[in-house]
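Each chain, written out:
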Amino acid sequence: MTCSSVVRLCAAGAAMVLAAQAMRAVEPAPLLGFTVGRADAQRAREAAFDAAIRADEMQTWMKRLAARPHHVGSPYDRENAQFLASLLTSWGYESTIETFDVLFPTPTVRVLEEIAPEHVTATLAEPTLKEDATSGQTSEQLPVYNAYSADGDVTAEIVYVNYGVPADYDVLAQHGIDVKGKIVLARYGGSWRGIKPKVAAEHGAIGCLIYSDPRDDGYFNGDVYPQGPWRSENGAQRGSVSDMPVFPGDPLTPGVGATKDAVRLSRDAAPTLMKIPVLPISWHDAQPLLRALSGPVVPVDWRGALPLTYHFGPGPTTVHLKLAFDWSLKPAYDVIARLPGAERPDEWIIRGNHHDAWVNGAADPVSGAVALLGEARGVGDLVKAGWRPKRTIVYALWDAEEPGLLGSTEWVETHAADLQRHVVAYVNSDMNGRGFLSVGGSHSLETLAGEVARDVIDPETGVSVLERARARRITQGTPEQLREIRGRADLSINALGSGSDYTPFLQHLGIASLDIGFDGESGGGSYHSIFDSIDAYMRFVDPELRYGIALAKVGGRLVLRLADADVLPFRFGPLSDTVSRYAAEVSALADTTRAETTELNRRLADGTLKLTADPRETYMPPSPRDPVPYLNLAPLRNALTRLSGVAARYDRALQAALASDGGVPAAAQPALDAALIDSERALVSDDGLPRRPWFKHVLYAPGLYTGYGVKTLPGVREAIEQRRWTEAEQQAVTTAAAIDRLSMQVQRATELLAPPATRR
């Protein structure tokens, strides 16, 4: 062969390689749940859906919904619900408003005054600003307060408790400081706000103040409002302090809907109502209290950014705190819009976002609500063009989320039997910002979420929102997260604790759920203030609602694919891998607790425990602790081994069925869908978690002392943390039984996917 022939052959070969690479580059990626023949039609439908989403419509809806304060029970809250229902009806949905009567206290008396060493009266108010058009709507605004605080009239010395989480009280104890009979001053951050007064009351405090320190939420981070987005001197954060880790929803009707004829607890018997008075304040009002404190100087990580030296106390700062509330029931209006499915109407996909706010709520929740409306409008346009979903689609706009997930929880409790029978999945969003896609939820939906993220383009960078989210984790993640990210090309989703309306669906009923939103580049201090306004959102968050459109595209694709998939888009390999990691974590937690206990007791016994390097500080020595036994977690590990095997077999069977010409036989489809729907239901325990039976999911729950923060394998993990060794082993058995129930559902689905001739 001549040299020229070799060159021509090599050139031809290179051209073929390049052509093959080009073909692979343009060849569409598979869609989980869709046969090859139907995937192209689904992509075309999603392209048409995208074209229907318009930023100008979203801006119009935002201006309408956030024009006035619309907290639970307010006139504008009702007007918004009626407006939302009328919009959805005009787009072809069967829309209704369901009303629940919920306990929502509003303040009648708020007094906070420093009476020693000087007299200072707190302002307890946010100012009207000329730069913020809605900040002056004072007659309609809820004042700064914490819902479900106790009534109270108390006078006592102040103790500064940092973030007010349990670990902070360990530090106080080491310094010999007791909060019994005192009023604690905690800063926002470190946990959900309701944990702070809960822990304070458990330690004997008689009142709690929560302030926004500028280190966490103010000038330490950047310019304050209205020059920048961060919380200003007089800004304060409203919010609920009900004990939601016990149960969310109406405090008087646990487990049942708060309908007019519901049997209600007395307030004295309601376990989630706070037992001491609680009040949020600005750093302007907190500064004189902190400045006058004495006692030891706090550790470095307790210090905020105010121009003063932070001391523990107690005293000499002494305050008088007086609070009283109107404890009447208020109406909550849930807007429910249905689009019946054409082929499988008894299988429901629910998409939700709340519509109530503490004040005007342009960010929280209207930014998420208008994205949901954009989705619903786009889906409605598809229907008008002749398409109908296989499964029923339900769009829901919940009321009374802010006080504690009341609207969604009461609806779920009222309709629990129907929801357990019919709902395939719930997709939630809340407030939306600018930046990076965040997804949390059921890990059986992780692959679906990753494929959707792959197919939506980030409006600022031009890459997919998946790639942008991965890039963030690579640059900011822990070493363990980096290893996981680099070892996989898809999206790793977070586990869900609480804090939004997915909680009753996922953690009470066992309905597979996702929570979606964008954030990371729109930080600021408008949260739960009068400055969560249209002016602030359009200046500092997402002026053109480009990320509102991105959220609508993500949420819409999730809904459309769940509604129209040939096989419901669940995968169990990611779930198995993730839960195996959780099991390794709780095992390591037990080992670490044992080692730390052994070392502490040894050092206390031989006198080598050095309590402090600073002779000016006086610490109280810790007490010896009971030894930690070796726990039997084998049932959990064995159940996960079984799940791993059946998950792998299912994933192979699913891939084969979707690649075949015939797909899944029609006769097997109802039973297959039922097995997949029930897979998440298998992970709930009828008895619920110890000491909080409302939470029934064995994989995900909010922590008793983290609030919004998730505890995975919560029964086992929290038993170890609380040193309840027998309970930890019992919970391992309970969790293993639930995982085995899941394995049975997955095995059933695998058998149904097999060709009829090969089934046993």
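Structural data are supplied above this passage.
Note that the coordinates shown come from a computational prediction; the quantities given were computed from them, not determined experimentally.

Calculation rules
- Residues numbered from 1 in each chain as written.
- Predicted model: local features only at pLDDT ≥ 70, side-chain atom pairs only at ≥ 80, totals over all residues.
- Heavy atoms only, no water.
- Helix = DSSP H or I, 4+ residues; strand = E, 2+ residues; numbered from the N terminus.
- Buried < 20%, exposed > 50% of the residue type's maximum accessible area, 1.4 Å probe, protein only.
- Contact = heavy atoms within 4.5 Å.
- Areas by Shrake-Rupley, 256 points an atom, 1.4 Å probe, with all protein chains shown as cover.
- Pairing = 2+ DSSP bridges.
- Axes fitted to C-alpha atoms, helices over the stretch in contact; angles between N-to-C directions.
- Core = buried A, V, L, I, M, F, W, Y, C linked by side-chain atoms within 4.5 Å.
- Salt bridge = Lys/Arg side-chain N within 4 Å of Asp/Glu carboxyl O.
- Phe/Tyr/Trp six-rings, centres within 6.5 Å; stacked < 30°, edge-to-face > 60°.
- Lys NZ or Arg CZ within 6 Å of the ring centre and 35° of its normal.

Colleague: Account for the overall build of the protein chain, with residues named and values stated.
Modeller: Looking only at helices and strands, the protein chain has 22 helices and 18 strands in total. Projecting the C-alpha coordinates of the protein chain onto the three principal axes gives extents of approximately 95 × 70 × 65 Å. For the protein chain, buried positions account for 59% of its 760 residues. Of the contacts made within the protein chain by residues no fewer than 6 positions apart, 80% connect residues no fewer than 24 positions apart. Total accessible area computed for the protein chain in this model is approximately 28,800 Å², and 55% of it derives from carbon and sulfur atoms.

Colleague: Break down helix α10 (residues 406-414) for me, with residues and values.
Modeller: In terms of residue burial, α10 counts as a mostly covered element, since eight of its nine residues are buried. What α10 keeps buried is the set L406, G407, S408, T409, E410, W411, V412 and E413.

Colleague: Hey, could you go over the pairing of strand β9 (residues 278-281) for me, with residue numbers and the actual values?
Modeller: Side-chain alternation along β9 places V278 and P280 on one buried face and L279 and I281 on a second face that is also buried. Both strand β7 (residues 207-211) and β9 contribute to a ladder of four bridges, which runs parallel. Looking at β9, one finds that Y211 is bridged to I281.

Colleague: Describe the pairing of strand β16 (residues 513-520), listing the residues and the values that go with them.
Modeller: Counted residue by residue, β16 has six buried out of eight residues, so it is predominantly covered. As defined by bridge partners, strand β14 (residues 423-429) adjoins β16 across four bridges and the pair is classed as parallel. In the strand pairing of β16, S429 is matched with I516. Pairing between strand β15 (residues 435-441) and β16: seven bridges, direction antiparallel. By the bridge assignment, S438 is partnered in β16 with G517.

Colleague: Explain the sheet that holds strand β11 (residues 329-339) to me, and be specific about the residues and the numbers.
Modeller: Taken in spatial order, the seven strands of this open sheet run β1-β11-β13-β12-β14-β16-β15, and their pairing is mixed. Of all the strands in the sheet, the pair left with one neighbour each is β1 (94-103) and β15. For this sheet, the mean inter-axis angle between neighbouring strands, taken without regard to orientation, is 20°. Packing of helix α13 (residues 465-476) onto the sheet brings it into contact with β15 and β16, and relative to β15 it is tilted by some 90°. Packed onto the sheet, helix α20 (residues 669-681) meets β12 (344-354), β13 (391-398) and β14 and runs at close to 35° relative to β12.

Colleague: Now, about the nonpolar core: what can you tell me, with residues and values included?
Modeller: The biggest cluster of nonpolar side chains holds 217 residues, and the ones touching the most others in it are Y211 and L419. When near neighbours in sequence (up to four residues on either side) are disregarded, Y211 contacts Y160, L185, A186, R187, Y188, I281, S282, W283, A286, L290, L306 and Y310. Grouped together as the second largest cluster of nonpolar side chains are six residues, V246, L689, W694 and A701 included.

Colleague: Talk me through unusual backbone geometry; I want residue IDs and the actual numbers.
Modeller: With an omega of 15°, the peptide bond between Y225 and P226 qualifies as cis. Counting through the fold element by element, P226 comes out in the loop between α7 (214-217) and β8 (239-240). Phi at N162 is positive, roughly 60°, even though this residue is not glycine. Position of N162 relative to the elements: it lies in the loop between β5 (152-160) and α5 (166-174). A relative accessible area of 3% means that N162 is categorised as buried. Notably, R691 is not glycine yet its phi reads approximately 70°, a positive angle. For R691, the position within the fold is in the loop between α20 and β17 (700-702). The class for R691 is partly exposed, based on a relative accessible area of 44%.

Colleague: Can you break down the sheet that holds strand β10 (residues 318-326) residue by residue, with the values?
Modeller: Ordered in space as β3-β2-β10-β5-β6-β7-β9, the seven strands form an open sheet in which the pairing is mixed. In the strand order of this sheet, the two ends are held by β3 (120-121) and β9, each with one partner.

Colleague: Break down the environment of H175 for me, with residues and values.
Modeller: Summarising the element assignment, H175 is placed in the loop between α5 and β6 (183-187). By relative accessible area, which is 10% here, H175 ends up buried. In this structure the C-alpha to C-alpha distance between H175 and P621, which are 446 residues apart in sequence, comes to 9.1 Å.

Colleague: How would you explain the pattern of salt bridges if you had to name every residue and give the values?
Modeller: Inspection of the entire model under this criterion finds 42 salt bridges. With a shortest N-O distance of 3.0 Å, D591 and R594 are connected by a salt bridge. One end of the pair, D591, and the other, R594, are both in helix α18 (residues 573-606), three residues apart, so they sit about a helical turn from each other. Its relative accessible area of 42% is what places D591 among the partly exposed residues.

Colleague: How would you explain the packing of aromatic side chains if you had to name every residue and give the values?
Modeller: Enumeration according to the criterion identifies 21 aromatic pairs in this entry. Relative to F505, the ring of Y426 lies with its centre 4.0 Å away and its plane at 10°, an arrangement referred to as stacked. With Y426 in strand β14 and F505 in helix α15 (residues 503-508), this residue pair connects regions lying 79 residues apart in the sequence. What makes F505 buried here is its relative accessible area of 0%. Taken together, a centroid distance of 4.9 Å and an interplanar angle of 75° make the contact between W694 and F695 edge-to-face. Like W694, the residue F695 is buried in the burial classification. Positioned over the ring face of F83 is R64, at 4.7 Å from the centre of the ring.

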